[in-house]
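For reference, the chains in residue letters:
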Amino acid sequence: MNKDRVLSKVIVVFLIAIVGLGCKGKEKNKPVEVKKKPNFLFVLVDDQSPFDFKFYDSTSTLDAPSITKLAKDGLIVDDARHMGAMVGAVCTPSRHMIMSGRTVWSLPSMQGYINPNEPENLEENTIGAIFNRAGYSTMRTCKKGNSYPKANKQFTVVKDATKRGGTEESGSAWHADQVLTYLDGREETADENPFFIYFGLSHPHDIRDGTPELLAKYGATNHTDKKNLPPANENQPPLPENYLNAHPFHHGHLELRDEENVSGVWKNRDEQTVRNEIGREYACSENIDIQLNKVLNKLEAMGELDNTYVIYTSDHGIAVGRHGLMGKQNLYEHSWRVPLIVKGPGIKANQRVKGNIYLTDILPTLCDLAEIEIPETVQGKSFKPILMGEQESLREVMYGVYAGGSKPGMRTVKKGDWKLIKYDVLDGKVRETQLFNLAENPNEYIAEHSKPTEMQNDLAENPKYAAKLAEMEKLLLKEMENYGDPFRLWDQETK
């Protein structure tokens, strides 16, 4: 090889090295892209059964296009539940559980319930405080009362008021306006922090005063006359499939407001009253749908919607005529379950999962999605793996309680298709056990529904299912022990 060729090769290698070093230098100086934190819009409504929606109950006549689209664009959880209540205002412990991620018997004292092991300064590890520390701008609007005041105050912007009327100023539109005003303010001040918005609404909790046009759509009136029934109207929603004109035994909470003193209903359970009240409920729920649509449209116009997790749920379900009941102080599916829809970054559209999720699990999930460390005070589990399609369910067994009336109250446990409910109330005057196979009997029909098939009934007295009953009884006691339930039912081991 001659000297000229060798020299040429050396020059080429040298030039390549220089170019390579130059490229590496440019890569070093290239700005690193910072991953944008997701936003959160947490929508919490007051007293809404999942069965109000067509995507949970195909027989429903509620028109809710925005919430239905949200469900199609995101993920529906079939089995989402509140864990229960030890006070009559079921929403109070439920909202404590949402805010703190703690289980029902581990909450702060409230409304006459005293927790001797009450956690100290728990509000410092609730949603608003956690997201503030993580650099989020936080805002809340919701009803006043029957809530968790210390946790509510942690949000930077708080616009709370109870709005259950039928006008723009007195109803759900007021809550939406607070959110829209807050978003306008972010634009004006060029707030670049990610946001967490707690968009709470006061409806469809009674008094269910709907707007005139939506009441007309559902054939309902804001009935106030105790002496007369509301007028019948063919546009009113049909009766629920598990409607009864009376529950077969007392629910165990004497003078319970929800069962005796709801305006427009009182103690009436006749067809006209119940259909009118469901019409009022649907009028309020459709108005919520309209208000949510305004907020979602605003986020889309701001270019923020694609980077926002939207979570839609309720603090608990509600009966409104099902099983001859009106309130939420029971453990049937219509009242124990809640709607739960989640849409956002990384969540595939048009998904549906079993879930087995408690509202207690919401806080750790929010932290997980935002990549915030979950506080040690949290007892719930993150269901982010479910949202991301990595698993179908969070747990095998679900436990529920209502002890807001006479003690020890009601308990329930569910595993697979089987569900047990027990009642021990009124100083032992009412002691009842119910056993349902929810695959065969999703409406929890009982003898009073007069269904022809064996499985469409309460099976607790059926000797063919004695082994299953014993299994579920044992499982209930185990769950009561696991969650620190301070009571025992009449046929359980005493503490």
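Scoring rules and cut-offs
- Residues numbered from 1 in each chain as written.
- Predicted model: local features only at pLDDT ≥ 70, side-chain atom pairs only at ≥ 80, totals over all residues.
- Heavy atoms only, no water.
- UniProt positions renumbered as here; feature names shortened; annotations may be inferred.
- Helix = DSSP H or I, 4+ residues; strand = E, 2+ residues; numbered from the N terminus.
- Pairing = 2+ DSSP bridges.
- Salt bridge = Lys/Arg side-chain N within 4 Å of Asp/Glu carboxyl O.
- Buried < 20%, exposed > 50% of the residue type's maximum accessible area, 1.4 Å probe, protein only.
- Phe/Tyr/Trp six-rings, centres within 6.5 Å; stacked < 30°, edge-to-face > 60°.
- Lys NZ or Arg CZ within 6 Å of the ring centre and 35° of its normal.

So, the UniProt feature "domain: Sulfatase N-terminal" (unreviewed entry) in the protein
Right, on to step 1. Following the UniProt record, the feature "domain: Sulfatase N-terminal" (unreviewed entry) maps to residues 38-371 here.
Right, on to step 2. Secondary structure content for residues 38-371 is 31% helix and 14% strand, while the C-alpha to C-alpha distance between its ends is 9 Å.

Examining the sheet that holds strand β13 (residues 409-415)
Right, on to step 1. On the basis of which strands lie adjacent, the open sheet formed by 5 strands has the order β4-β12-β13-β14-β15 and mixed pairing. The sheet is open, and its two borders are formed by β4 (84-85) and β15 (430-437), each paired with just one other strand.

Some details on the pattern of salt bridges
Right, on to step 1. What the rule picks out here adds up to 39 salt bridges.
Right, on to step 2. With a shortest N-O distance of 2.9 Å, D63 and K217 are connected by a salt bridge. Pair noted here: D63 is in the loop between β1 (39-46) and α2 (65-73) and K217 is in helix α7 (residues 212-217), with a separation of 154 residues, a long-range link.
Right, on to step 3. Under the relative-accessibility criterion, D63 is labelled partly exposed at 33%.
Right, on to step 4. For K217, a relative accessible area of 37% translates into the label partly exposed.
Right, on to step 5. Between E333 and R337 there is a salt bridge, and its shortest N-O distance comes to 4.0 Å.

A closer look at the packing of aromatic side chains
Right, on to step 1. Overall, the coordinates contain 19 aromatic pairs when judged by the stated rule.
Right, on to step 2. Three or more aromatic residues link up through ring pairs in this structure, and these residues are F40, F42, F131, Y136, F155, F196, Y198 and Y309.
Right, on to step 3. In this structure, R81 packs its charged tip against the face of W336, placed 4.3 Å from the ring centre.
Right, on to step 4. When the ring centre of Y198 is taken as reference, the NZ or CZ atom of R140 above it lies at 4.7 Å.

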